[in-house]
Amino acid sequence: MIVNKLKSPIALYYNYICRYKFNTLMQFLVYILVYPFLWLVSILPFRLLYAFSDFLYLFIYNIFGYRKKTVQDNLRLVFPEKSASEINVITRKFYHHLCDMMVEAIKSLTISKAQMLKRFTFSNVDVIEELEKQNRSIVLMCAHYGSWEWIFILQTYVKSRGNAVYKRLRNTYFDGLVKSIRAKYNSHLITTKDIVPELTRLKAEGVTTITGFVSDQSPRANKAYHWADFMNIHVPVHTGAEMLAKRLDMAVVFFKVKRLRRGYYETTFETLAENPNDFENYDITDIFLKRVEQQIYEAPQYYLWTHKRWKHKGKSPKEYKK
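Keep in mind the model is a prediction, meaning the values are calculated, not measured.

How each quantity is defined
- Residues numbered from 1 in each chain as written.
- Predicted model: local features only at pLDDT ≥ 70, side-chain atom pairs only at ≥ 80, totals over all residues.
- Heavy atoms only, no water.
- Core = buried A, V, L, I, M, F, W, Y, C linked by side-chain atoms within 4.5 Å.
- Buried < 20%, exposed > 50% of the residue type's maximum accessible area, 1.4 Å probe, protein only.
- Helix = DSSP H or I, 4+ residues; strand = E, 2+ residues; numbered from the N terminus.
- Contact = heavy atoms within 4.5 Å.
- Axes fitted to C-alpha atoms, helices over the stretch in contact; angles between N-to-C directions.
- Parallel < 35°, antiparallel > 145°, perpendicular 65-115°, else oblique.
- Left-handed = near helix turned anticlockwise from the far one by under 90°.
- Patch = residues over 30% accessible without salt bridge, like charges linked within 9 Å, V, L, I, M, F, W, Y side chains within 5 Å.
- Areas by Shrake-Rupley, 256 points an atom, 1.4 Å probe, with all protein chains shown as cover.
- Salt bridge = Lys/Arg side-chain N within 4 Å of Asp/Glu carboxyl O.
- pLDDT = per-residue confidence, 0-100.
- Expected span 1.5 Å × (residues − 1).
- Arc of directions from axis to C-beta.
- Polar contact = N/O pair within 3.5 Å; in protein donor to acceptor, adjacent residues only side chain to side chain.
- Phe/Tyr/Trp six-rings, centres within 6.5 Å; stacked < 30°, edge-to-face > 60°.
- Lys NZ or Arg CZ within 6 Å of the ring centre and 35° of its normal.

Q: Would you take a moment to explain the nonpolar core for this structure?
A: Side chains of nonpolar character tend, in soluble globular proteins, to be buried together. Residues L140, F230, F269, I296, Y303, W305 and W310 are the most contacted members of the largest nonpolar core, which totals 87 residues. Here this core takes 9 residues from helix α5 (residues 84–107), the largest share from any one element. If we ignore the near neighbours within four places in the chain, the residues touching F230 are D216, V235, L289, V292, E293, I296, Y303, R309 and W310.

Q: I would appreciate a short explanation of the packing of helix α3 (residues 46–63) against α5 in the present structure.
A: It is the contact of α3 with α5, at a shortest axis distance of 9 Å, that shows an interaxial angle of 130 degrees. When the axis of α3 is compared with that of α5, the two are oblique. As α3 packs across α5, the resulting crossing turns out to be right-handed. Facing F46, L49, Y50, F52, S53, D54, L56, Y57, I60 and Y61 of α3, the residues of α5 in contact are T91, R92, Y95, H96, C99, D100, M102, V103, E104 and K107.

Q: What is the right way to read a nonpolar patch on the surface from this model?
A: On the surface, L25, M26, F28, L29, V30, I32, L33 and V34 cluster together into a nonpolar patch covering about 660 Å² of accessible area. Mapped onto the fold, L33 is located in helix α2 (residues 9–42).

Q: Just checking my understanding: could you explain the confidence of the model for the protein chain for this structure?
A: Regions with low pLDDT should not have their predicted coordinates read in detail. Model confidence for the protein chain is summarised by a mean pLDDT of 90, while 92% of its residues fall at 70 or above. Here residues 1–6 scores under 50 on pLDDT; set against residues more than four positions off or in separate chains, the count is 4 contacts.

Q: What exactly am I supposed to notice about helix α8 (residues 172–183) here?
A: In an α-helix, one turn spans 3.6 residues; hence positions three or four apart end up facing the same way. With 12 residues, α8 ought to run about 16 Å at 1.5 Å a step, and its terminal C-alpha atoms sit 16 Å apart, in line with that. Within α8 the residues assigned to the buried category are F174, D175, L177, I181 and R182. The buried side chains of α8 occupy one side of the element, clustering within an arc of 160 degrees when seen end-on. For α8, the N-terminal cap is N171; the gap from its side-chain oxygen to the backbone nitrogen of Y173 is 2.9 Å.

Q: Can you help me understand the side chain of Q217 in this one?
A: For Q217, the location among the structural elements is in the loop between β5 (209–214) and β6 (226–230). A polar atom in the side chain of Q217 sits 3.4 Å from the side chain of H144. In this structure the side chain of Q217 is engaged in a polar contact, spanning 2.7 Å, whose partner is the side chain of H307. If sequence neighbours within four positions are ignored, Q217 has contacts with H144, H238, Y303, H307 and R309.

Q: Any chance you could explain the packing of aromatic side chains here in plain terms?
A: Two measures describe an aromatic ring pair: the distance that separates the ring centres and the angle between the ring planes. In this structure the tally under the stated criterion is 26 aromatic pairs. Ring centres of F230 and W310 lie 5.7 Å apart, and the angle between their planes is 10 degrees; on these two criteria the pair is classed as stacked. With a gap of 80 residues between them, F230 in strand β6 and W310 in the segment after α11 (283–298) connect regions that are remote in the sequence. The exposure class assigned to F230 is buried, which follows from its relative accessible area of 0%. The ring of F46 has K107 sitting right over it, with the charged end atom 5.0 Å from the ring centre. One cation-aromatic arrangement involves R119 over F46; the distance from NZ or CZ to the ring centre is 3.4 Å.

Written out as structure tokens, the structure reads:
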């Protein structure tokens, strides 16, 4: 109690150390309790894995209703022409797919390379190979659509260093686990804060890279440099991938993931900008959004509807100060 009342740097440092040790201990306890369960799920054969997904669906959709209101509000907003019954069908299909993605992410712990190559294929990887022949680094842009968990198997086909921009997990042990899974296929996770200096360093060292950005979610409105119509709703959009491509002269490629059947996906690549500085600012981002819209209209159940993507609808950029 005496130490807590002190205002000296020593007391502040002591309190910080105590909190840090407690938080670290709690993170470790959560990790050692949860990890064995995740590992057991990951070693299930696929037939049992998807049976577990069906069981998970009953809890997430029917019992807990995880973000069901958000999902249906989003669907009604972007598909005003659809009936209530049509919205309900898409909702149920979406939750089935969401549960599949969750168990597939867990499966990444122990899935073999052979299984990964069989289940996540590429229709035209030559698009990437051709850019590599030109010694070009690449920005890969995708959406929260289909499945993006197994894209890192792309490193099996290419020579460039693979990177993915991500948000660091609060639990440092799970954060390390996710990084180790990606590292199996020579992929590296880099935080948004570190991506610019890291890619700048690699470019200076002559290292070609392929860096993935999931660029369809909502940025903070007061930080957004560009607003655009996405699914006919005017919203702020992420522009970091485009701006980084222009800054470091990286080709921009969109990858479209198509779900073939349960547990099987096919990716198709499309070069959006081989020379990004030939485009006006934000044109590449707008083209990317149109590609995402096409995916959603084709099969809306595979988009990630649980996020509040359109929370700034009806607002104006002028309402937010930089």
